[in-house]
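Observations on the three-dimensional arrangement
Listed below are the residues making up each chain.
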Amino acid sequence: MQIAWRSDIEDFTVAAGHHAITGKAVTAEDTFAFGSGTKPYTAVLLLKLASEGKIELDRPASEYVDGILKRMNGTSMVGLFGADAAKVTVGHLLRMQSGLADFDVSGFDDALLKQGGSVHSPLEFLHAAAKQSPVFLCNPGQCTSYTSTNYVLAGFVALGAVAPTSDWTSLDQAQIFPQPASAKYQKCTFADTGSLNKTLDIPGAAGSFLRRTQIYGQDASILGWTCGNLIAPAGSAAEFFYDLLIAKRIVPSEMVAKMQEFAPLNVGWAKGMIQYGTGLMIQQASWNATYPPVMGSWGSYVGHGGDTYGFLSESGVLSQFNASFSATANEEYLGPFVKNVMVCTMIRVAAKVLLDQDVFLKSAPHCVFVQMKCAMRCHA
């Protein structure tokens, strides 16, 4: 695991654990998979293109996507998802307001991992979403519902704007970093195809507590392209959120403000538990807080979480400290661990050390141990 912290006066990463194959100690420079922690980077890419006049956030996403879908698969957004797809704008995708169903269901996820040695086009993810019933959970723009389908489509919007005749693997997701880029971004990659361990230093562990699959040699395409393909050290993610939300040197400040216009998730996964903006979440690390979380309350942060095969991550900004952070671990079977143990404890410690305040936040060791006991009993 790693925890990174970045402010005007502090800049460090701590790491713990050992490499599952070599036995070497994990270092601050080692890379982890961030899963949906990729989404803020994708949102920033589209905002950058909008600031350059290459896309318009209020235009139908199909205007940028359909040419690519037709070339790759002879289809279109309406062909995949039905007539309501014509009403989905680029902004709807980024704000989780398209209403589209998520492909991220156990049947699809399990099958994808079993075929992890093969290359999987982003079209597979869209076709999986199109098979859900209903395909639309609400009319476009009428709800806020978290779905990774939005951010695969966002990747095609970006590709359609800059290289509509190119292969999906040609999209330059790293163009968002400020130039000259900080040294911390050097090990930050967006893995499209090829073995994960080309850029992934630490193997992940997917599955239950006692029945796990190592995530290391599979093809990177299982990560879902622009919805989940970031591989980086925690220090790189902390640097990104510092540059984006504190220093404001990645996109214009007015766009940073727009990114932080939040609405509670009100349909589907995490309903009432998270607020969503444009590629950003407000989350709460404490179990004794009120929901939906609000900016500025102890335990809350603006950023994004990630949960992918074998990895969990949380990254963002803490307003009380004017600091950014990132926390990662190479497991995903103890779901609350990173947010409700690592991040929650980090905030309590930072409050005491930096502000001399004793903050009551309830972390989740009990919840984690219950899950471990459950897994052991089920196995027995």
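Details of the structure are given in the entry above.
Not measured: the values here are computed from a predicted model.

Rules used in this analysis
- Residues numbered from 1 in each chain as written.
- Predicted model: local features only at pLDDT ≥ 70, side-chain atom pairs only at ≥ 80, totals over all residues.
- Heavy atoms only, no water.
- Pairing = 2+ DSSP bridges.
- Helix = DSSP H or I, 4+ residues; strand = E, 2+ residues; numbered from the N terminus.
- 1 Å grid on protein atoms, 1.4 Å probe; cavity = no way out; pocket = protein on both sides within 12 Å on 5 of 7 lines; lining within 4 Å.
- Points joined across faces, edges and corners; volume = space filled by probe spheres on them.
- Expected span 1.5 Å × (residues − 1).
- Buried < 20%, exposed > 50% of the residue type's maximum accessible area, 1.4 Å probe, protein only.
- Contact = heavy atoms within 4.5 Å.
- Axes fitted to C-alpha atoms, helices over the stretch in contact; angles between N-to-C directions.
- Parallel < 35°, antiparallel > 145°, perpendicular 65-115°, else oblique.
- Left-handed = near helix turned anticlockwise from the far one by under 90°.
- Nonpolar A, V, L, I, M, F, W, Y, C, P; charged D, E, K, R; others polar.
- Phe/Tyr/Trp six-rings, centres within 6.5 Å; stacked < 30°, edge-to-face > 60°.
- Lys NZ or Arg CZ within 6 Å of the ring centre and 35° of its normal.
- Core = buried A, V, L, I, M, F, W, Y, C linked by side-chain atoms within 4.5 Å.

**Overview of the sheet that holds strand E13 (residues 323-329)**
Strand order in the open sheet formed by eight strands is E2-E1-E13-E12-E11-E10-E9-E8, and the pairing between neighbours is antiparallel. In the strand order of this sheet, the two ends are held by strand E2 (11-15) and strand E8 (263-264), each with one partner. In this structure, strand E1 (residues 2-6) lies alongside E2, joined through five bridges in antiparallel fashion. Across the sheet, the residue bridging to Ile-3 is Val-14, located in E2.

**Examining the layout of surface pockets**
Where empty space is left in the structure can be found by rolling a water-sized probe over the atoms. By volume, the second largest pocket amounts to about 300 Å³. Residue lining of the second largest pocket: 16 residues in total, with Ala-205, Arg-212, Asn-330, Glu-331 and Tyr-333 positioned closest to the centre. Counting residues per element, the ones that place at least two in the lining of the second largest pocket are strand E5 (204-207) and strand E6 (212-215). It is E6 that contributes the most residues to the lining of the second largest pocket, three residues altogether.

**Describing helix H7 (residues 149-162)**
Helix length check: H7 (14 residues) gives 21 Å between terminal C-alpha atoms against 20 Å at 1.5 Å per residue, within 8%. Within H7, 12 of the 14 residues are buried, which leaves the element mostly enclosed by the surrounding structure. Listed as buried for H7 are Thr-149, Asn-150, Tyr-151, Val-152, Leu-153, Ala-154, Gly-155, Phe-156, Val-157, Ala-158, Leu-159 and Gly-160. Buried positions along H7 lie against helix H1 (39-51), helix H2 (62-73), helix H3 (77-81), helix H4 (90-94), helix H6 (122-130) and strand E9 (275-276).

**Observations regarding the packing of H6 against H7**
Geometrically, a packed helix pair is captured by the angle between its two axes and the distance between the axes. The contact between H6 and H7 brings their axes to 10 Å, and the two run at 140°. Regarding the angle of H6 to H7, the classification is oblique. As for how H6 packs across H7, the hand of that crossing is left-handed. From H6, Pro-122, Leu-123, Phe-125, Leu-126 and Ala-129 reach across to H7, where they touch Thr-149, Val-152, Leu-153 and Phe-156. Along the lines of polarity and charge, the residues of the contact of H6 with H7 split into eight nonpolar, one polar and no charged.

**Some remarks on the packing of aromatic side chains**
Scanning the model with the defined rule gives 17 aromatic pairs in all. When the centroid spacing of 6.2 Å and the interplanar angle of 80° are considered together, the rings of Phe-32 and Phe-311 count as edge-to-face. Here Phe-32 is found in strand E3 (residues 32-33), whereas its partner Phe-311 is found in strand E12 (residues 311-318), with 279 residues between them in sequence. For the pair formed by Phe-32 and Phe-311, the shared burial category is buried. Aromatic side chains Tyr-41 and Phe-177 sit 6.3 Å apart centroid to centroid with 85° between the ring planes, which places their arrangement in the edge-to-face category. You can see Tyr-41 sitting in helix H1 and its partner Phe-177 sitting in the loop between H7 and strand E4 (189-190), a full 136 residues away along the chain. Taken individually, Tyr-41 and Phe-177 each receive the classification buried, so the pair is uniform in this respect. Over the ring of Tyr-242 we find Arg-6; its NZ or CZ atom is 3.9 Å from the centre of that ring.

**A look at the nonpolar core**
In terms of nonpolar packing, the biggest core is built from 95 residues, with Leu-46, Phe-81, Leu-126, Phe-156, Val-157, Phe-240 and Leu-244 touching the most fellow members. Listed in part, the 27 residues of the second largest apolar core include Ile-3, Phe-321, Phe-325 and Phe-337.

**A few points about the sheet that holds E3**
Within the open sheet, the three strands sit side by side as E3-E7-E4. Their pairing is antiparallel. Of all strands in the sheet, those bounded by a partner on one side alone are E3 and E4.

On their own, these measurements won't tell you what the molecule is for.
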